[in-house]
Amino acid sequence: MAASELYTKYARVWIPDPEEVWKSAELLKDYKPGDKVLQLRLEEGKDLEYCLDTKTKELPPLRNPDILVGENDLTALSYLHEPAVLHNLKVRFIDSKLIYTYCGIVLVAINPYEQLPIYGEDIINAYSGQNMGDMDPHIFAVAEEAYKQMARDERNQSIIVSGESGAGKTVSAKYAMRYFATVSGSASEANVEEKVLASNPIMESIGNAKTTRNDNSSRFGKYIEIGFDKRYRIIGANMRTYLLEKSRVVFQAEEERNYHIFYQLCASAALPEFKTLRLGNANYFHYTKQGGSPVIDGVDDAKEMVNTRQACTLLGISDSYQMGIFRILAGILHLGNVEFASRDSDSCTVPPKHEPLTIFCDLMGVEYEEMAHWLCHRKLATATETYIKPISKLHAINARDALAKHIYANLFNWIVDHVNKALHATVKQHSFIGVLDIYGFETFEINSFEQFCINYANEKLQQQFNMHVFKLEQEEYMKEQIPWTLIDFYDNQPCINLIEAKMGVLDLLDEECKMPKGSDDSWAQKLYNTHLNKCALFEKPRLSNKAFIIKHFADKVEYQCEGFLEKNKDTVYEEQIKVLKSSKKFKLLPELFQDEEKVLSPTSATPSGRVPLSRTAVKPAKARPGQASKEHKKTVGHQFRNSLHLLMETLNATTPHYVRCIKPNDFKFPFTFDEKRAVQQLRACGVLETIRISAAGFPSRWTYQEFFSRYRVLMKQRDVLGDRKQTCKNVLEKLIKDKDKYQFGKTKIFFRAGQVAYLEKIRADKLRAACIRIQKTIRGWLMRKKYMRMRKAAITIQRHVRGYQARCYAKFLRRTRAAITIQKFQRMYVVRKRYQCMRATTIALQALLRGYMVRNKYQMMLREHKTVIIQKHVRGWLARVHYRRTLKAIVYLQCCYRRMMAKRELKKLKIEARSVERYKKLHIGLENKIVQLQRKIDEQNKEYKSLLEKMSNLEITYSTETEKLRNDVERLRMSEEEAKNATNRVISLQEEIAKLRKELHQTQSEKKTIEEWADKYKHDTEQLVSELKEQNTLLKTEKEELNRRIHDQAREITESMERKLVEETKQLELDLNDERLRYQNLLNEFSRLEERYDDLKDEMNLMVSIPKPGHKRTDSTHSSNESEYTFSSEITEAEDLPVRMEQEPSEKKAPLDMSLFLKLQKRVTELEQEKQSLQDELDRKEEQALRAKAKEEERPPIRGAELEYESLKRQELESENKKLKNELNELQKALTETRAPEVTAPGAPAYRVLLDQLTSVSEELEVRKEEVLILRSQLVSQKEAIQPKEDKNTMTDATLLLEDVQKMKDKGEIAQAYIGLKETNRQSPQDYHMLNEDGELWLAYEGLKQANRLLESQLQSQKKSHENELESLRGEIQSLKEENNRQQQLLAQNLQLPPEARIEASLQHEITRLTNENLDLMEQLEKQDKTVRKLKKQLKVFAKKIGELEVGQMENISPGQIIDEPIRPVNIPRKEKDFQGMLEYKKEDEQKLVKNLILELKPRGVAVNLIPGLPAYILFMCVRHADYLNDDQKVRSLLTSTINGIKKVLKKRGDDFETVSFWLSNTCRFLHCLKQYSGEEGFMKHNTPRQNEHCLTNFDLAEYRQVLSDLAIQIYQQLVRVLENILQPMIVSGMLEHETIQGVSGVKPTGLRKRTSSIADEGTYTLDSIIRQLNSFHSVMCQHGMDPELIKQVVKQMFYIIGAVTLNNLLLRKDMCSWSKGMQIRYNVSQLEEWLRDKNLMNSGAKETLEPLIQAAQLLQVKKKTDEDAEAICSMCNALTTAQIVKVLNLYTPVNEFEERVLVSFIRTIQVRLRDRKDSPQLLMDAKHIFPVTFPFNPSSLALETIQIPASLGLGFISRV
């Protein structure tokens, strides 16, 4: 639409005004084309006729809608022009107290002249990591954008800060540097960021001064490059300076000061170290008193001097150099007081012994006469001679001032060089961010050379700025692929050419400086002749011939030519420099001039990397005669031009960011806005040019989604398509007919200026029409109520008629449907029959075909099989035929050979037969008799053997029965003794009863006497009572009155005390929480320092020992025992110290070999451990295999069970012996460590305890010997019982004995036993032919005998070992006796001690005695438990013996039943071992335990499959076993390794929530176990009796409980940090930006800095994302078995983080402070509360942490108009601070025109009402705050002995005990 169409009635416009620059007015009637006058009404109600320009006919600029006023970005305004920009800045600055505003890519900063709380570290953290458009404008946002682009684009950045003097440039640059220092940190421990910030006080003291416009004005330009490494941490900085205002050293205007450093020196003149400088008051020196204002209000120069010196020290400038600097500065002050006396008009002299010059020469270390001479003379050199010429007084004063300026300039450069050296990066710089703090455009009444250079620099910067803005606009259009035309913008290249081009102003000035008699007047004439009337930008003033005018981009400036040449040449006489360089007493002074003999060009860098941009070059001392001149070769203008070119090259090579500082008024009044001054600066700094460039194109830009959300009300339902882009195109074509007013890009719609305002107008009209429609509808509804009553009867009739019609129609539909259904089923039946027929036919054909194919295949296979069988049989028959033939031939040969041999033998026998044949005939009868007798002998022998066997069996049976009877007799004897004892007790009880009866009779007699006395007393008392009743009634009334008063007073006192108690309790709780928070913060800092220490140690190790290739891997268990928590004794530390001292030199000599050797050695140890574990596993497998084999054999089941029981019995005996031995060793150790003689005396308790324990040991040994004998007899009886069995069973039992053989300790013994058993089972070859039944039985019997001998030898060896142990115990008793004698001798010596020492010794003895009695009772209890266990075991043995006896009797009756009938199972109980809830491991397996259980454990598998807290239970059970063994070293080592292992895991995987949660849960469970089983009564209340038995007995681990508690606190804090890192990206998007309730909040127009869209797209976090994450956290913590109280604390911390981050972003984002956003926030909070209710966490305190956010949301929604509203707000927002309430009210922004803004008066009312509230002035909540955590004791009901260790943990090397 045409722009003139917007000028309708009630439209608001801006008209020029001489006072306010622009005024707002309202049109009274529509404008029509051709009108020359507009009818307007001003805001104050005055009507006005505004005449339009007849030539241009330009209409006044339109005013933006109120909804757009106060926008963060000026480019978001619909109308972009000067009045809109000015008004927006004024509203933000005055009403909202916002000093920062975006203008496209420029940040406009208005100086508030007041300290604002918006630069704290909390604000820095809030802006860190945020997008520039997502937060309110701030210098931190610009710094963050530069930092982010440097990291993202790998391109250097620049921040260009410009503005007038006093606008706040230096402060803005300082805050930007502070942001980089805080966010990035330094890459080393040198605190580079502190040094970068410390350079500010130094540079301000030597480069800043007070001017009429600014108390701390920078009188030089500087460009600071802050260097970063590859990880984008600060590593150094470099500073360049530009155009130092040297003239200020010697001259100051009225109300101005010299540089701050001079006044700081004068204020510190009384310091002892400054006495030699001979300083005084600033009014004493000529160079400091000219301005007449030596003091700045609110500034302490002496204090600033201390800060300057501290900064110098921090930057490495030593005290000697600092004193040298102060000497030079003091010398400059004294030089300014040097006066000259005129001799004549051409010469002058210095008064003799002139004090200021004398002081100057003393300070500088030069000769007085030489300095005085060259101050009044100069040297002239010609081609042939050199002349010395005196100079006039005026020239001498100028030469003195030039010398002072030159010294100061060189000192300034020297300090800059040293600052750069201190800030120089030690590592390679990867990228940098430059901060340019440079003077803005200046125009004064008198403008000289300095203003000319400043404005020249601003022309160059403005050109670069314009090009960059145009380039960004062009890139935006090209990126969106829309057609664009060249935008006309102001190009100041002609002005730059006028200044720096050939024959330009600077060129002519340099040329005039080279002329011998050049002057300012002649230079002015050259300018007029060259540029006047030839260049439109150059003008000549009408009334002056010594000035010229240049039209700059900001304004016209008139420059006075006077002084241009002198300032450009910067003349200083080289003879004076020579005198200063000749100083030998002052070493610093020659350093200032040492580089002047080799002056570098401004384009070449110095060795320090800095360009000497402001350094003034001096002629060399030894110049050639032809080049001897009075001035330097390069002029100041030439140097400045070169340095400016270098700066522009640097800026063009970086990505610039612009900060324009505005000075709101000239009087430094806080929050006062002068429109005239503001407009002047806006024009000068290029902000309006940015606006103009933006307005020339398409300033308003919307994404398609934002446009659709905002203007959905203008669309009809049919216009809404699935494609948002096409929908927007269709709507815009209908709304805006002129297609040139908008363009469609790829992602955005671009609008011309004013089009958004037009759309807003249409939208407001549509909403207004909707309101009218709502009113119309309501009124129609009221009228319809009457009409509806009239229609009611007709509707009833219609209902019945329509019902009848509907029923008829329904009947018709049912019939139709039934017919269709019948047809469907009929057709289906026909088709289905046809289908089934075809299917059956097909299946039959397929079956026949497949059968035929299968039968063929089967026949083929059958033929092949039969063929193979035939081949097999034929080949077998052939082989057998061949074999038979061969065999037949062999047999035939054998027969032939044997026949031949037999014939020979036959011949021999025939010969013998012939000789003895007749003797045989004689003795035939005798042989038969001998054979009969032999048979009888054999039968008698067999009978004898059977009788002998029966007799031996009867003897064995008799002996066992005798033993049983003997035991029964012994048991009866013991029962008889118990009965006797019981009888004695009964007698004693009867005597006691008789005694009690006697006492009862005495008591009854006494009772009678007392009753008589009581009757008498009662009678007297009744009389007395009757008398007292009357008095009592009187006293009762008085008492009641007093009681009432006392009750009232007591109630008042109680109430007051309760109030005080509640207050004190709250205060104590707060103090406790503060103290706990302080302690936990210290723990956090300690852990951070510890991690830093470990990192430094690792870096140092890497630096010291460079690893070879291939040896970079570090073992995961390395240094797992290193921790500061290792509680080792002093002796251990003392022993370790020499080892460390011995190791250090070797490490220094050969770090590579030693580290490699240690690694290899550790690897070898690990391999040995692995080998041992594999060997153990192999042995275990073999043992299992043997047991399985034994079980498979056919044998009675009870036999194997008995053998297993006996082996277990033997193992138990061995473990008991070990245990007793360990206890004896510990007792001996304790007694030897205790040096008190009373402890080991023969009558001492410890001695008695020892003797009792030795007695119990000996008794236990006797019992064990008896059990061994019983076992031996049982084995013998069993072997004899098994003898009659078959050979198979015999050999099986012999094989079973291998199990016992495997358990022997000595491997050689095992081998011998095995060989012997094999020899027993092996038959000798020569006896094979004599085998028969008797022989086989004999062999089996011999095998059993060998097995019995083997077992007997084993038992004998055990007996010998027991006897040896007994002998060793007797030897130890003897040694203890000797120790006792020695202690008695020491006691005799102690008796000679003084009384005090004796008392102390007696107290110690008493304590020891009580302790020993305690131990004695515990020992008795343990001994009784052992006795009970021993009796139980004996009972089991007796039961087994009875069973064996029954078995023997059964054998005697019927031996066959032994094999057929099973023995009852009660004979040998196969009961599971009684576990004690302990885990045993070897000391060398400790590292493997830590590695498998901590370092390499995956939390997910443990949490899902195993019981919660299993690692903690396992570790505690290991600690219990070490405590049971009384091994303090093992306990200490295990706990230290555990703590170190947990720390190592958390350091390695500390960013994984599951890992941190898992180990927090296990650490707490471990801590609870140490408390639950500590033996302290407070922790044992909820234990079961079995759990109380498992308490620790030897060690008090309270110190380790504290260490574990500290570790748990550190893990909790790490968990909170992990939570925060995960939740942080979700909170703002989910809680603020995402529209949970769609359509409630509209989207306002935004500027160039686009905000994050509130429409959820893919990848955007929503509230559901936060709730899902909370569910994930909660489920993980529950799976890990975390304590419920701890889960509540974690949830409370999570909700606090959500509330704090959300509120902080709300306070920093103006676009979020609206009514609709308050509704969204309250809905989101209600969803979080619902989540708390679902998880039963409402009592966790999490809801209370959201209270500030809830109140902020309520504040956005309540009414904000009247005083009642203010009172309601003050009472409602008690969780918000005053600053937060005021900030929310200031930021409140209406989204729609129907909402109203908060008036400034209402905000003032709120501030007045909240004036007395005492709260923190801090604006933001501390999002990093962590609530102090507590770990309430939570005992476990899990029994330790029931815990099973899964094989997946790889802990096979530990065993349950």
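Predicted model, so just to flag it, every value in this text is computed and none were measured.

Cut-offs and rules
Residues numbered from 1 in each chain as written. Predicted model: local features only at pLDDT ≥ 70, side-chain atom pairs only at ≥ 80, totals over all residues. Heavy atoms only, no water. Axes fitted to C-alpha atoms, helices over the stretch in contact; angles between N-to-C directions. Helix = DSSP H or I, 4+ residues; strand = E, 2+ residues; numbered from the N terminus. Parallel < 35°, antiparallel > 145°, perpendicular 65-115°, else oblique. Left-handed = near helix turned anticlockwise from the far one by under 90°. Contact = heavy atoms within 4.5 Å. Nonpolar A, V, L, I, M, F, W, Y, C, P; charged D, E, K, R; others polar. Buried < 20%, exposed > 50% of the residue type's maximum accessible area, 1.4 Å probe, protein only. Core = buried A, V, L, I, M, F, W, Y, C linked by side-chain atoms within 4.5 Å. Phe/Tyr/Trp six-rings, centres within 6.5 Å; stacked < 30°, edge-to-face > 60°. Lys NZ or Arg CZ within 6 Å of the ring centre and 35° of its normal.

Asks: Which residues make up the packing of helix α45 (residues 1663-1679) against helix α46 (residues 1684-1707), and what values go with them?
Replies: Following both chains from N to C, one finds α45 and α46 inclined at 160°, their axes separated by 11 Å at the closest point. Comparing the axis directions of α45 and α46 gives the class roughly antiparallel. For the crossing formed where α45 meets α46, the hand is right-handed. The segment α45 lies against α46, with Ile1666, Leu1670, Phe1673, His1674, Met1677 and Cys1678 engaging Ile1687, Val1690, Met1694, Phe1695 and Ile1698. Grouping the constituent residues of the contact of α45 with α46 by class yields 10 nonpolar, one polar and no charged.

Asks: Explain the packing of helix α41 (residues 1528-1548) against helix α44 (residues 1598-1633) residue by residue, including any values.
Replies: Look at α41 against α44: their axes get within 12 Å of each other, and the N-to-C directions meet at 5°. On the basis of their axis angle, the class for α41 and α44 is roughly parallel. The segment α41 lies against α44, with Arg1532, Leu1535, Thr1536, Ile1539, Ile1542, Lys1543 and Leu1546 engaging Tyr1600, Val1603, Leu1604, Leu1607, Gln1610, Ile1611 and Gln1614. Here the contact of α41 with α44 is composed, by residue class, of nine nonpolar, three polar and two charged.

Asks: Can you explain the side chain of serine 583? Please cite residues and give values.
Replies: With respect to the helices and strands, serine 583 occurs in the loop between α19 (574-581) and α20 (588-593). Its relative accessible area of 5% is what places serine 583 among the buried residues. With near-sequence residues (within four places) excluded, serine 583 lies in contact with Met364, Gly365, Val366, Leu589 and Pro590.

Asks: Please provide a residue-by-residue account of the nonpolar core, values included.
Replies: Counting 324 residues, the largest nonpolar core has Phe180, Ile328, Leu357, Tyr408, Trp523, Phe548 and Leu1560 as its most contacted members. Ranked by residues supplied to this core, first place goes to α44 with 18 residues. What tyrosine 408 contacts, discounting residues up to four positions off in sequence, is Ile206, Leu244, Val249, Tyr259, Ile261, Phe262, Leu329 and Ile332. Residues Ala11, Leu38, Phe708 and Ala757 belong to the second largest nonpolar core, which totals 34 residues.

Asks: An account of the packing of aromatic side chains is needed here, citing residue identities and associated values.
Replies: In this structure the tally under the stated criterion is 37 aromatic pairs. Ring centres 5.1 Å apart and planes at 70° place the aromatic pair tyrosine 1696 and phenylalanine 1827 in the edge-to-face group. Of the two residues, tyrosine 1696 is situated in helix α46 and phenylalanine 1827 in the loop between α52 (1800-1809) and β25 (1855-1856); the sequence distance between them amounts to 131 residues. For tyrosine 1696, a relative accessible area of 9% translates into the label buried. Linked through ring pairs, Tyr119, Phe140, Tyr147, Tyr175, Tyr179, Phe180 and Phe228 together constitute an aromatic cluster. Over the ring of tyrosine 1481 we find lysine 1530; its NZ or CZ atom is 4.2 Å from the centre of that ring.

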